[in-house]
Amino acid sequence: MLQFFKYVLATLVGIFAFFVLSIFIVVGIGSKLSSEEKVVVEDKSVLKLDLNKPIQEIGVENPLAEIGGPFSGNENVTGLKDIIDALKSAQKDSKIKGVYLKAEGPAAGWATLEEIRNQLLEFKKSKKFVVAYGESYSEKGYYLASVADKIYLNPAGAMEWNGMSAEYSFYKGTFDKLEIKPEVFRVGSFKSAIEMFSRENMSDSSKKQSAELIGAIYGNFLKNVSASRGVSVDRLKNFADSLTIENPEAALKNKLVTNLGYWDEFETVIKKDISIDADKNISYVGVDKYMKSDATPEEGDFNNRVAVLVAEGEINSGEGSSESIGSDDFVKELKKIRDNDKIKAIVIRINSPGGSALASDVMWREIQLTAKKKPVIASMSDVAASGGYYMAMGCDKIIAQPNTITGSIGIFGLIFNVKDFMNNKLGVTFDAVKTSEHADWPTATRDMTEFEKSMIQKSVNEGYEKFTAKAAAGRKMPVEKLRSLAQGRVWSGVEAKANGLVDELGGVDDAIKVAAKAAKLKDGDYRVRYYPEKKKPFEELLSKMMDDSEEKVMDKNLGDLSSYVKMYKKLMNMGGTQTRMPFELVIR
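What comes next is a walk through the structure. (Residues numbered from 1 in each chain as written. Predicted model: local features only at pLDDT ≥ 70, side-chain atom pairs only at ≥ 80, totals over all residues. Heavy atoms only, no water.)

### Focus on the overall build of the protein
Phase 1: A tally of regular secondary structure across the protein gives 22 helices and 22 strands.
Phase 2: Burial analysis of the protein (588 residues in total) assigns 48% to the buried set.
Phase 3: Element-wise, carbon and sulfur atoms account for 53% of the exposed surface of the protein, whose accessible area totals about 28500 Å². (Helix = DSSP H or I, 4+ residues; strand = E, 2+ residues; numbered from the N terminus. Buried < 20%, exposed > 50% of the residue type's maximum accessible area, 1.4 Å probe, protein only. Areas by Shrake-Rupley, 256 points an atom, 1.4 Å probe, with all protein chains shown as cover.)

### Comments concerning the sheet that holds strand E6 (residues 150-159)
Phase 1: Reading across from one edge, E8-E6-E5-E4-E1-E9 is the order of the six strands in this open sheet, with parallel pairing throughout. The strands lining the two open edges of the sheet, one partner per strand, are strand E8 (259-260) and strand E9 (283-286).
Phase 2: With six bridges joining them, strand E5 (residues 129-137) and E6 adopt parallel strand pairing. Opposite serine 136, over in E6, you have alanine 158 as the bridge partner.
Phase 3: Seen against the sheet, helix H2 (residues 80-92) touches strand E1 (45-50) and strand E4 (96-102) and runs at an angle of roughly 160° to E1. (Pairing = 2+ DSSP bridges. Contact = heavy atoms within 4.5 Å. Axes fitted to C-alpha atoms, helices over the stretch in contact; angles between N-to-C directions.)

### A look at the side chain of glutamate 312
Phase 1: Here glutamate 312 is to be found in strand E10 (residues 305-312).
Phase 2: This buried residue, glutamate 312, is left without a salt bridge; arginine 349 holds the nearest opposite charge, at 7.9 Å.
Phase 3: Polar side-chain contacts of glutamate 312 include one of 3.4 Å to the side chain of asparagine 351.
Phase 4: In this structure glutamate 312 touches Gln56, Glu57, Glu323, Ser324, Ile325 and Asn351, once residues within four positions along its chain are discounted. (Lys, Arg positive; Asp, Glu negative; His and termini not counted. Salt bridge = Lys/Arg side-chain N within 4 Å of Asp/Glu carboxyl O. Polar contact = N/O pair within 3.5 Å; in protein donor to acceptor, adjacent residues only side chain to side chain.)

### Topic: the nonpolar core
Phase 1: Formed by 56 residues in total, the largest nonpolar core has its most connected members in Leu47, Leu49, Leu51, Leu120, Met159, Trp161 and Phe221.
Phase 2: Other than its neighbours up to four places away in sequence, leucine 49 contacts Ile83, Leu87, Val99, Tyr100, Leu101, Lys102, Leu120 and Val287.
Phase 3: Counting 50 residues, the second largest nonpolar core, distinct from the first, contains Ile348, Val376, Ile411 and Ile456. (Core = buried A, V, L, I, M, F, W, Y, C linked by side-chain atoms within 4.5 Å.)

### Here's the deal with the packing of helix H7 (residues 204-229) against helix H8 (residues 233-241)
Each pair of packed helices gets described by two things: the angle between the helix axes and the distance between those axes.
Phase 1: The geometry of H7 relative to H8 is characterised by a closest axis approach of 9 Å and an angle of 120° between their N-to-C directions. In terms of axis orientation, H7 runs oblique to H8. Read as a crossing pair, H7 and H8 show a hand that is right-handed. Residues Tyr218, Leu222, Lys223, Val225 and Ser226 of H7 pack against Val233, Leu236, Lys237 and Ala240 of H8.
Phase 2: For the contact of H7 with H8, the per-class residue count stands at six nonpolar, one polar and two charged. (Parallel < 35°, antiparallel > 145°, perpendicular 65-115°, else oblique. Left-handed = near helix turned anticlockwise from the far one by under 90°. Nonpolar A, V, L, I, M, F, W, Y, C, P; charged D, E, K, R; others polar.)

### Examining the pattern of salt bridges
Phase 1: If you walk through the whole model with that rule in mind, you get 26 salt bridges.
Phase 2: Residues glutamate 179 and lysine 425 are paired through a salt bridge, measuring 3.7 Å at the closest nitrogen-oxygen approach. Taken together, the residues span a long stretch of sequence, with glutamate 179 in the loop between helix H5 (172-178) and strand E7 (181-187) and lysine 425 in helix H15 (residues 419-425) at a distance of 246 residues.
Phase 3: We note a salt bridge from aspartate 361 to lysine 470, for which the minimum N-O separation is 2.5 Å.

### So, the packing of aromatic side chains
Phase 1: Following the criterion strictly, the structure yields 19 aromatic pairs and no others.
Phase 2: Measuring from centroid to centroid gives 6.3 Å for tyrosine 137 and tyrosine 142, while their planes differ by 75°, and the two rings are edge-to-face. Tyrosine 142 carries the same exposure label as tyrosine 137, and that label is buried.
Phase 3: Summarising the aromatic geometry, the rings of phenylalanine 197 and phenylalanine 416 are spaced 5.7 Å apart at their centres and angled 80° between planes, so their arrangement reads as edge-to-face. One end of the pair, phenylalanine 197, is in helix H6 (residues 195-198); the other, phenylalanine 416, is in strand E18 (residues 411-417), with 219 residues separating them in the sequence.
Phase 4: According to the relative accessible area criterion, phenylalanine 197 is buried, its value standing at 3%. (Phe/Tyr/Trp six-rings, centres within 6.5 Å; stacked < 30°, edge-to-face > 60°.)

### Details of helix H19 (residues 508-518)
Phase 1: For H19, the full list of buried residues reads Val508, Ala511, Ile512, Val514, Ala515 and Ala516.
Phase 2: Lysine 520 lies just past H19 and shows a positive phi near 60°.

### Focus: helix H10 (residues 263-273)
Phase 1: The set of residues buried in H10 consists of Phe266, Glu267, Val269, Ile270 and Lys271.
Phase 2: Those residues of H10 that are buried lie in contact with E1, E4, E5, E6 and E9.
Phase 3: Phi turns positive, to about 60°, at serine 275, one or two residues after H10.

### Examining the environment of alanine 111
Phase 1: Topologically, alanine 111 is positioned in helix H3 (residues 110-123).
Phase 2: Separated by 240 residues in the primary sequence, alanine 111 and asparagine 351 have C-alpha atoms spaced 9.8 Å apart.
Phase 3: Residues contacting alanine 111, with those up to four places away along its chain left out, are Ser381, Asp382, Gln401, Asn403 and Thr404.

### What to know about the packing of H3 against H7
Phase 1: One way to put it is that H3 packs onto H7 with a least axis distance of 12 Å and a crossing angle of 20°. Accordingly, the angle class assigned to the pair H3 and H7 is roughly parallel. For the element pair H3 and H7, the recorded crossing hand is left-handed. Where H3 abuts H7, its residues Trp110, Glu114 and Arg117 lie against Ile217, Asn220, Phe221, Asn224, Val225 and Ser228.
Phase 2: Its residues placed into classes, the contact of H3 with H7 shows four nonpolar, three polar and two charged.

### Here we look at a nonpolar patch on the surface
Phase 1: Nonpolar side chains collect at one region of the surface, where Leu426, Val428 and Phe430 lie side by side and expose about 260 Å² of accessible area between them.
Phase 2: With respect to the helices and strands, the residue valine 428 is situated in the loop between H15 and helix H16 (450-475). (Patch = residues over 30% accessible without salt bridge, like charges linked within 9 Å, V, L, I, M, F, W, Y side chains within 5 Å.)

All quantities given are derived from atomic positions and should not be read as evidence of function.
Here is the structure:
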């Protein structure tokens, strides 16, 4: 027996030693790869925008992503801020001769694409070229490529041009089969977040708002593509309705692309544009590397700053993560910004479909306190709806992109009655003792009485009253008018601007200028700082190693089924009343 314990102990020591050694190896490699050495940009370089990667507000750089292995983690996530900053610097950099745009199927929302597209148009004012090459183009990818001087499509490739759609999943049939009864409490005829549990299809009101929303986004898409390519909106609509763009030749014939060609032919054109020999390689520089070069110096007075506080993901109480907004973390960060005398104005950059009503209110309160001390401007990204709008309405002004999804001013509660499922499917029964009639309320293991249900509905009603009253005060409009725009309905940025839920249309740079002006800061006399500060590559690596990558494993192992498992986990994490988008919206 003693010998057995020796072997066990030796094995444990060996495993521990291997783990420690692995950490040191990763530390060594990571430190080397994440060094802060400046990148030297060669003459006649081309800025390469690879936008086929995921795009978030703030980038994530994994120094081991390209070498593989057990510690490589996920691929790099490109930061919208870095893309915009790189284009601004490249516009003035004599070593950068143009931009190569790789955007076949960007993983980003429509408002994010609008920010990048507008900056590309600004870059073109420098008279430098923008060229795009793709083996295929989704409509999102083409929206960016449409600004290019030359748009190359592989002659054996494809191009999507069939309009936009939004499809939703409904789980009522599943719950019926499992004998699980969703108990739904809501306010607002458009608050359809719970329809996926209570219906088998979209209600008329939900279908109405969805059609109008994607119609507004599609209209903005067609208008801008028409302006860039010189093809009328009516013709572009007809291309989609008749599926005219059936192959690369049709895309060329109808002036959606300028050239059909292979990669080598595309590079030959670039070499001519930058005047280098045909046998030489083009010096491409990516966004991450370019941002480490001397070409991107900070400008403005260090003592005058505009802070951009990024709030991205679903809203929950407590701590947040890379994919969620935790009210505790947000409040802590905002307090630090508020108390920093060097920071003169603040932009809250919101990209959130909402979440916990309580957490949303906690953050709204902190924004209100901050607005008494410094100008606070809301900048809406892809989505700033429900709890996301709750945050924005506490700011002095709200700025959104035309295709931002916003509004959804409403509230709901959801409890699943699993008694029959547990009893009939699993054979599990429940019994209890209690001191008061409602001591176990709210509960998922018995039928609630009508009185108990009415108490939950009363709480939801009160939450809606508070939400709409605060929104009306923030928008400086009569509460009756605000409630006519609420009801849980979502709006595009264009619609929200027209009905008064948004003040101006524009991107994060526009919001920064509005904030600076409110703080009486002159152009060029201030610096912009993003918060929370971007982690250094190695810090991000350690975070990834310690982080639970369950979602990524889920995606890899379950494929398309992973979205349903994620939905289940999301339902299990819903606590209390919710200010959340009325549906899981993916526009294709």
